[in-house]
Amino acid sequence: MPTRADEPTPVVSVRGLRKSFDGREILQGIDLDVMPGETMVIMGGSGSGKSTLLRLMIGSIKSDQGSIRMFGQNICGMEEDDLNKIRLKFGILFQSGALFNSMTVAENVALLLQEHTRLSQEIIDIQVKIKLEQVQLRNAADLFPAQISGGMKKRAGLARAMALDPQLLFCDEPSAGLDPVTSAQIDRLLLDLTKKLGIANVVVTHEMDSAFTIADRMAMLDKGRMLAVQPKAWFERIRDVPDDELPSLSEDEQLIRQFLRGAAEGPLSERMSESDWEQDILGARRSVPGMRSVEPSRIVPQTEDEGLLQRLRRMLQA
Ligand SMILES: Nc1ncnc2c1ncn2[C@@H]1O[C@H](COP(=O)(O)OP(=O)(O)O)[C@@H](O)[C@H]1O
Ligand SMILES: [Mg+2]
């Protein structure tokens, strides 16, 4: 695809992406570019396809049609080994941090460095300290996830997502499950870190305050269709159009305005539990017959993604 010489290459470029489940088309031909260093917020009501799009982009499910170029390589139809290499180039912030409960915060952050680099333990320790400092968690290094608050778990998850210095981060509902003050802190931290480090950030959220705080550009999904991909200022303008000027807006713009003014996906009606989200994003269906009261993060999700599954298994055995 021709791009102007002065335009940087997108870190993620989605074209004509289609995905059906059980004969129902969930994504109906999605186009989306994410540029280096920008925060792209994906919005849309419940069931609009946000998580499906995210799962396709991180390679945890396969598309039916279309392409997803990540760092210039099409990941659709890619062999699992190659996909795993690409996966090392981006971080994912899971809703609850997806920390391993049997490991300390520091050990959680160190995992990927131990698995995927040849750095000495000494250097890894230093790296971990730097990551924890970046998320203001130096003092919690030796605590276990059960001993820290929801906001701290999320910050630890962020430190882990950034362990391998990715240029790209994916976050699904980063402020879900947090009180407003903590959630605003997470937003500020995300914004601060991604801007300082030049990391592109793809964020799925239905929380408008959060979206308007962190976004450079926004994308609005509705029933598997992309209504608009525009700079934040464009969405602010649509949101603030007064009632008497409604007829000047297109049908899609009116839909967008309605969504921006009164989120179609309410926090009370549709909020998933933290473990549901992990299950959701991993494409996993959790069922552990005969087991009771198992901690969610000790269960290996059943995902279609064998590479990810193996990694998780190895982590759990560690
Ligand atoms: N693995 C799956 N099997 C069948 N249907 C699915 C699956 N994943 C998602 N869906 C359906 O796709 C639609 C979009 O889901 P999702 O991407 O999770 O939406 P959102 O994240 O915007 O709420 C929903 O109707 C959901 O039920
Ligand atoms: Mg979702």
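Fair warning: this is a prediction, and the values are worked out from it, not measured in the lab. (Residues numbered from 1 in each chain as written. Chains lettered and ligands numbered in written order. Predicted model: local features only at pLDDT ≥ 70, side-chain atom pairs only at ≥ 80, totals over all residues. Heavy atoms only, no water.)

### Regarding the packing of aromatic side chains
Which entries qualify depends on this criterion: Between the rings of Phe, Tyr and Trp (Trp by its six-membered ring), a pair exists once the centres lie within 6.5 Å; its type follows the angle of the planes, with under 30 degrees stacked, over 60 edge-to-face, and the other angles tilted. Secondary structure is summarised from DSSP: a helix means a run of H or I of at least four residues, a strand means a run of E of at least two, and numbering begins at the N terminus for each. Three exposure classes are used, based on accessible area relative to the maximum for each residue type with a 1.4 Å probe and protein chains only: buried under 20%, partly exposed in between, and exposed over 50%.
By the definition in use, this model includes two aromatic pairs. With 5.2 Å between their ring centres and 85° between their planes, Phe-90 and Phe-170 make a pair best called edge-to-face. Taken together, the positions of Phe-90 in strand β6 (residues 90-93) and Phe-170 in strand β7 (residues 168-172) put the pair 80 residues apart, joining distant regions of the chain. Overall, the relative accessible area of 0% leaves Phe-170 in the buried class.

### Regarding the side chain of Thr-194
Inclusion rule: Here a residue-residue contact requires only that any non-hydrogen atoms of the pair lie within 4.5 Å.
Position of Thr-194 relative to the elements: it lies in helix α6 (residues 180-197). Residue contacts for Thr-194: discarding those within four places in its chain leaves Thr-39, Leu-169, Ile-199 and Asn-201.

### Quick word on the sheet that holds strand β5 (residues 73-74)
For clarity, the threshold we go by: One requirement defines pairing of two strands: DSSP has to find at least two bridges between them. Fitted lines through C-alpha atoms give the axes, limited to the stretch in contact for helices. The angle between two N-to-C directions lies from 0 to 180 degrees.
The strand order across the open sheet formed by four strands is β2-β1-β4-β5, and the pairing between neighbours is antiparallel. Both outer strands of the open sheet, β2 (24-34) and β5, are each paired with one neighbouring strand and no more. On top of the sheet, helix α1 (residues 50-57) reaches β1 (12-21), β2 and β4 (65-70); it is set at about 120° to β1, its chief contact.

### Points about the nonpolar core
Worth spelling out the cut-off: Here, the term nonpolar core denotes a set of buried Ala, Val, Leu, Ile, Met, Phe, Trp, Tyr and Cys residues that are joined through side-chain atoms within 4.5 Å.
Formed by 47 residues in total, the largest nonpolar core has its most connected members in Met-43, Leu-132, Leu-158, Phe-235 and Ile-256. With five residues, helix α3 (residues 105-116) is the largest single contributor of residues to this core. Non-local contacts of Leu-132, meaning those with residues more than four positions away in its chain, are made with Val-105, Ala-106, Val-109, Leu-137, Arg-138, Ala-141 and Ala-159. Judged by nonpolar contacts, the second largest core, of 31 residues, contains Leu-56, Ile-86, Val-202 and Val-204.

### Some words on unusual backbone geometry
Note: most residues except glycine have negative phi, and most peptide bonds are trans. Phi is positive for Gln-136, close to 55°, though the residue is something other than glycine. Counting through the fold element by element, Gln-136 comes out in the loop between α4 (121-134) and α5 (150-161). Not every positive phi belongs to a glycine, and Glu-173 is a case in point at roughly 50°. With respect to the helices, strands and loops of the structure, Glu-173 is situated in the loop between β7 and α6.

### A short note on the packing of α3 against α5
Quick reminder of the rule: Every angle not falling under 35 degrees, over 145, or within 65 to 115 is termed oblique; those three ranges are roughly parallel, roughly antiparallel and roughly perpendicular. Take the far helix as the reference: if the near one is turned anticlockwise from it by less than a right angle, the crossing is left-handed, and if turned clockwise, right-handed.
Between α3 and α5, the shortest axis-to-axis distance is 8 Å and the interhelical angle comes to 25°. Overall, the two elements α3 and α5 adopt an arrangement that is roughly parallel. Handedness of the crossing formed by α3 with α5: right-handed. Within the contact between the two elements, α3 uses Val-105, Asn-108, Val-109 and Leu-112 and α5 uses Ala-156, Ala-159 and Arg-160.

### Observations regarding the pattern of salt bridges
Applicable threshold: Here, a salt bridge means any side-chain nitrogen of Lys or Arg that lies within 4 Å of a carboxyl oxygen of Asp or Glu.
Counting across every chain of the model gives 13 salt bridges. The partner of Glu-38 in a salt bridge is Arg-217, and the shortest N-O contact between them spans 2.8 Å. Placement of the pair is Glu-38 in the loop between β2 and β3 (39-44) and Arg-217 in strand β9 (residues 217-222), with a sequence separation of 179 residues. Assessed through its relative accessible area of 8%, Glu-38 is described here as buried. In this structure, Asp-243 and Arg-257 form a salt bridge, with 2.5 Å as the shortest nitrogen-oxygen distance. You can see Asp-243 sitting in the loop between α8 (232-239) and α9 (251-261) and its partner Arg-257 sitting in helix α9, a full 14 residues away along the chain. On the accessibility criterion, Asp-243 (55% relative accessible area) is exposed.

### Looking at a nonpolar patch on the surface
Just so we agree on the cut-off: Patch membership requires over 30% relative accessible area and the absence of a salt bridge. Like charges are linked within 9 Å, and nonpolar side chains (Val, Leu, Ile, Met, Phe, Trp, Tyr) within 5 Å. In this description, accessible areas are obtained by the Shrake-Rupley approach with a 1.4 Å probe, and a residue is regarded as covered only by the protein chains that are shown.
On the surface, a nonpolar cluster with roughly 320 Å² of combined accessible area is contributed by Leu-119, Ile-123, Ile-126 and Ile-130. Note on placement: Ile-123 falls in helix α4.

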